[in-house]
Amino acid sequence: SAVISQKPSRDICQRGTSLTIQCQVDSQVTMMFWYRQQPGQSLTLIATANQGSEATYESGFVIDKFPISRPNLTFSTLTVSNMSPEDSSIYLCSVEWVAGGREQYFGPGTRLTVT
Amino acid sequence: EDQVTQSPEALRLQEGESSSLNCSYTVSGLRGLFWYRQDPGKGPEFLFTLYSAGEEKEKERLKATLTKKESFLHITAPKPEDSATYLCAVQALDTGRRALTFGSGTRLQVQP
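Residues numbered from 1 in each chain as written. Chains lettered and ligands numbered in written order. Predicted model: local features only at pLDDT ≥ 70, side-chain atom pairs only at ≥ 80, totals over all residues. Heavy atoms only, no water.

Enquirer: How would you sum up the interface of chain B and chain A? Please name residues and give values.
Expert: The interface of chain B with chain A comprises 20 residues on the first partner and 20 residues on the second. Between chain B and chain A, roughly 1500 Å² of surface is buried when both sides are summed, and carbon and sulfur atoms account for 52% of that area. When residues of chain B are sorted by the area they lose upon contact with chain A, B:Phe46, B:Arg98 and B:Phe102 head the list and together hold 33% of the total. Viewed at the interface, chain A and chain B are joined by one salt bridge. The interface formed by chain B and chain A contains eight residue pairs in polar contact (both at pLDDT 80 or more). Listing elements by their share of the side of chain B that touches chain A, those giving two or more residues are strand E4 (30-38), strand E5 (45-50) and strand E9 (84-92) of chain B. Tallied by class, residues from the side of chain B that touches chain A come to nine nonpolar, eight polar and three charged. (Contact = heavy atoms within 4.5 Å. Buried area = accessible area lost by both parts, 1.4 Å probe. Salt bridge = Lys/Arg side-chain N within 4 Å of Asp/Glu carboxyl O. Polar contact = N/O pair within 3.5 Å; in protein donor to acceptor, adjacent residues only side chain to side chain. Helix = DSSP H or I, 4+ residues; strand = E, 2+ residues; numbered from the N terminus. Nonpolar A, V, L, I, M, F, W, Y, C, P; charged D, E, K, R; others polar.)

What follows is the structure, encoded as structure tokens:
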């Protein structure tokens, strides 16, 4: 299976600032995804990030608010820009593990609180 | 639009009391149905992927089954350490879309 790490694990940020979340995988993967999990809720897809192409965003999420980088096959970043308290959530990256039969594995998450 | 509905929302069992969790789905074409376990404050932990109706997979006290409209996660003789939220998700056959659509989860509590 793929082992995924995220940094930071948690942060408390002020309204109007930005935070960049890093996702590192121990193997090369083509497909990476970013999800948001609001308190007590299930997971909602923010965007799909493929290496070498622009990220594809879901309805309700825009690049200006959630810019994503995917510089290589093991790393991605998600930035939450101009934050408001409504952005307080857990942000999760996941990868599709082709060698394992296209299973999808998740990182431990980044718990963001905006004050 | 793909939809996933899980029931019940919450389930409380006594240790050793077997039960099943339900995941009903609507998808234009199913590439795979995924089950995850999520503990508080952690990312989802992969359990199973099912690809076709009639398929079954087992892991310790858990067994997942799949029909054309729903999946069941059977928990046999659960232990307190099985307490967690269980998430179901589908992956559609749409070309290029590999992300998952999740249900809202079932919160399982197993009491000793």
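Enquirer: Break down the state of the cysteines for me, citing the residues and quoting the values.
Expert: Counted by the stated rule, this structure contains two disulfides over all chains. Between A:Cys23 and A:Cys93 runs a disulfide, and the two sulfur atoms are separated by 2.0 Å. Disulfide A:Cys23 to A:Cys93: torsion about the S-S bond roughly 70°, handedness right-handed. Of the two residues, A:Cys23 is situated in strand E3 (residues 19-25) and A:Cys93 in strand E9 (residues 89-97); the sequence distance between them amounts to 70 residues. Each member of the pair, A:Cys23 as well as A:Cys93, is classed as buried. There is a disulfide in this structure between B:Cys23 and B:Cys88, and the S-S distance comes to 1.9 Å. Here the disulfide of B:Cys23 and B:Cys88 is left-handed, its torsion about the S-S bond being about -60°. Taken as a pair, B:Cys23 in strand E3 (residues 19-26) and B:Cys88 in strand E9 lie far apart in primary sequence, 65 residues in all. Side by side, B:Cys23 and B:Cys88 carry an identical accessibility label, which is buried. In this structure A:Cys13 is not part of a disulfide, and its nearest cysteine sulfur, from A:Cys93, lies 17 Å away. The buried category is assigned to A:Cys13, whose relative accessible area is 9%. (Disulfide = S-S within 2.5 Å. Buried < 20%, exposed > 50% of the residue type's maximum accessible area, 1.4 Å probe, protein only.)

Enquirer: So what's going on with the sheet that holds strand E8 (residues 75-80) of chain A? Which residues, and what values?
Expert: All names here are of chain A. Sheet architecture is open: four strands sit in the order E1-E3-E8-E7, paired in antiparallel fashion. On the outer flanks of this sheet lie strand E1 (4-7) and strand E7 (68-72), each paired with one strand and no other. Each strand of the sheet is rotated relative to its neighbour by a mean of 15°, with strand direction disregarded. Relative to E8, E3 runs antiparallel, the two sharing six bridges. From the neighbouring strand, Ile 21 faces E8, where its bridge partner is Leu 78. (Pairing = 2+ DSSP bridges. Axes fitted to C-alpha atoms, helices over the stretch in contact; angles between N-to-C directions.)

Enquirer: Residues and numbers for the sheet that holds strand E6 (residues 56-59) of chain B, please.
Expert: Residue and element names in this part refer to chain B. One open sheet accounts for five strands, arranged E1-E3-E8-E7-E6; its pairing is antiparallel. Two strands in the sheet have a free side with no partner beyond their single neighbour: strand E1 (3-7) and E6. Averaged over all pairs of adjacent strands, the angle between strand axes in this sheet comes to 15°, irrespective of strand direction. Pairing of strand E7 (residues 62-66) with strand E8 (residues 70-75), which is carried by five bridges, proceeds in the antiparallel orientation. In the sheet register, Ala 64 faces E8, and the bridge partner there is Leu 73.

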